[in-house]
Amino acid sequence: MEFNLANNLHSLRASAPLVHNITNYVVMNFTANALLAIGASPVMSHAAEEVEDMVSIAGALVVNIGTLSPEWVKGMKLAMRKAAQTGKPIILDPVGAGATPYRNAVLTELLETAAPAIIRGNASEIMALAGTNIQTKGVDSTASSADSMEAAKALSLKYGSVISVSGETDVIVSGTQTAFVSNGVLLMTKITGMGCTASALAGAFAAVSSDPFHAAVSAAAAMGVCGELAYRHAKLPGSFQIAFLDALADISPAHLAELSKVKFAF
Ligand SMILES: Nc1ncnc2c1ncn2[C@@H]1O[C@H](COP(=O)(O)OP(=O)(O)O)[C@@H](O)[C@H]1O
Ligand SMILES: Cc1ncsc1CCOP(=O)(O)O
Ligand SMILES: [Mg+2]
């Protein structure tokens, strides 16, 4: 299937998919607004009592371990199992992988529960998940996406997942296919939740696409292009965050495709 970014954004807006997020306290509001802005329908829900029902009516499940605790892990596992049973794509954001043994242990449990369609993280997180000896600095990366290529390939083969590594250039790996997205601005690293937003958008694109590789590339490109558009209006973090939401809502499918810098390697 040919990659068509404009069509992918058009499909997203045409069906406004419900995206079920089990995500962290820090970014809930921002990622919900980002999903609404691009044209999806977000719901944040983590209670074990309801996650199976919620994921059953959603188009995709985004699991983000940013502020995890044992009660939430129960909800994550139930939701992931149900998503796998009902054929809903799972997007896993391994926030802070490699920072603490608890995070690493929970990630092992989650990956044993169900294979994600897409794992989206920064380079340190992806390297930690692949077993490379690296210490993540809290939730921020200490490595570049180029350093993580081997780890991303190994993880993709191990879980059959698309691995999307963010950074100056986003690298998206699916088996033997790789894509490089070189959009974005450095200021994006100075606003909390930009990576989590990339994962949430991957959920929205995955909900409307049968190809998780194309969904992950679309999300990375939409993030980067909207970052560049926002930077035309706002050069400081507070105003940039708002301008970024505006860009997500304002961009047309054709304009997104025109400004994207995506390269594929096979
Ligand atoms: N140095 C950079 N230059 C341009 N864009 C970047 C840079 N670093 C990250 N980004 C973009 O910022 C977003 C968040 O990525 P990142 O900061 O790596 O994630 P996280 O917040 O999970 O650590 C992504 O869309 C990514 O492409
Ligand atoms: C700061 C912080 N602490 C726990 S989760 C979180 C948000 C991380 O968001 P992102 O990975 O998108 O920067
Ligand atoms: Mg992150």
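Residues numbered from 1 in each chain as written. Chains lettered and ligands numbered in written order. Predicted model: local features only at pLDDT ≥ 70, side-chain atom pairs only at ≥ 80, totals over all residues. Heavy atoms only, no water.

J.: Would you take a moment to explain the confidence of the model for the protein for this structure?
T.: Close inspection of predicted coordinates is inappropriate in any region flagged by low pLDDT. Chain-level statistics for the protein give a pLDDT mean of 97 and a share of 100% at 70 or above. ipTM for the predicted complex: 0.99, alongside a pTM of 0.98. (pLDDT = per-residue confidence, 0-100.)

J.: How should I be thinking about the sheet that holds strand β4 (residues 90-93) in this particular structure?
T.: Consider a sheet: its strands pair through backbone hydrogen bonds, and that pairing is either parallel or antiparallel. Pairing is mixed in the open sheet, where nine strands are placed in the order β2-β1-β3-β4-β5-β6-β7-β8-β9. In this open sheet, the two strands that pair with only one neighbour each are β2 (41-44) and β9 (262-265). Within the sheet, the average angular offset between the axes of one strand and its neighbour, ignoring direction, is 20°. Pairing of strand β8 (residues 177-181) with β9 involves four bridges; the strand directions are antiparallel. Of the residues in β9, the one forming a bridge with T178 is A265. Along the sheet, helix α9 (residues 212-233) contacts β5 (118-122), β6 (162-166), β7 (170-174), β8 and β9; its crossing angle with β8, the most-contacted strand, is approximately 10°. (Pairing = 2+ DSSP bridges. Helix = DSSP H or I, 4+ residues; strand = E, 2+ residues; numbered from the N terminus. Axes fitted to C-alpha atoms, helices over the stretch in contact; angles between N-to-C directions. Contact = heavy atoms within 4.5 Å.)

J.: Is there a simple way to think about the pairing of β4 in this case?
T.: Here is the key point about a regular strand: its side chains alternate between the two faces of the sheet. The side-chain alternation of β4 yields two buried faces, one formed by I90 and L92 and the other by I91 and D93. Judged from the four bridges that link them, strand β3 (residues 60-64) and β4 form a sheet pairing that is parallel. The residue bridging V63 from the neighbouring strand is L92, located in β4. With respect to chirality, the unit in which β3 leads through helix α4 (residues 70-86) into the neighbouring parallel β4 is right-handed. (Buried < 20%, exposed > 50% of the residue type's maximum accessible area, 1.4 Å probe, protein only. Right-handed = clockwise from strand over helix to strand, strands pointing away.)

J.: I'm lost on the packing of aromatic side chains in this one. Help?
T.: Each aromatic ring pair is specified by the distance between its two centres and by the angle formed by the two planes. Here the structure, examined in full by the defined rule, presents six aromatic pairs. Relative to F266, the ring of F264 lies with its centre 6.3 Å away and its plane at 10°, an arrangement referred to as stacked. When its relative accessible area of 32% is taken as the criterion, F264 is described as partly exposed. In textbook terms, an aromatic cluster arises when at least three aromatic residues are bridged by ring pairs, as seen for F3, F213, F264 and F266. Seen from the ring of Y231, K235 lies directly overhead, with NZ or CZ sitting 4.4 Å from the centre. (Phe/Tyr/Trp six-rings, centres within 6.5 Å; stacked < 30°, edge-to-face > 60°. Lys NZ or Arg CZ within 6 Å of the ring centre and 35° of its normal.)

J.: Looking at this structure, how should I read the UniProt feature "binding site: ATP" (unreviewed entry) in the protein?
T.: In the numbering used here, UniProt assigns the feature "binding site: ATP" (unreviewed entry) to R120 and S166. Spanning 47 residues, the named residues form one tight spatial group whose C-alpha atoms are at most 7.5 Å apart. As for its position among the elements, R120 is in strand β5. Note on R120: relative accessible area 5%, which makes it buried. Those residues in contact with R120, other than ones at most four positions away along the chain, are L92, D93, P94, S164, S166, G195, C196, A198 and S199. (UniProt positions renumbered as here; feature names shortened; annotations may be inferred.)

J.: Sorry if this is basic, but what is going on with the packing of helix α8 (residues 194-207) against α9 here?
T.: Packed helices, taken two at a time, are described by their axes: the angle between them and the distance between them. Close contact between α8 and α9 brings their axes to 8 Å; oriented N to C, the two are set at 135°. Taken together, the axes of α8 and α9 are oblique relative to one another. The interaxial crossing formed by α8 with α9 has right-handed handedness. On α9, the residues that touch M194, T197, A198, L201, A202, F205 and A206 of α8 are A215, S218, A219, A222 and M223. For the contact of α8 with α9, the residue count by class is 10 nonpolar, two polar and no charged. (Parallel < 35°, antiparallel > 145°, perpendicular 65-115°, else oblique. Left-handed = near helix turned anticlockwise from the far one by under 90°. Nonpolar A, V, L, I, M, F, W, Y, C, P; charged D, E, K, R; others polar.)

J.: What is the right way to read the UniProt feature "binding site: substrate" (unreviewed entry) in the protein from this model?
T.: According to UniProt, the positions carrying the feature "binding site: substrate" (unreviewed entry) are M44 and G193. Within the secondary structure, M44 is located in strand β2. For M44, the residues in contact, after removing those within four places along its chain, are N21, T23, M28, T31 and A32. By the secondary structure assignment, G193 is in the loop between β8 and α8.

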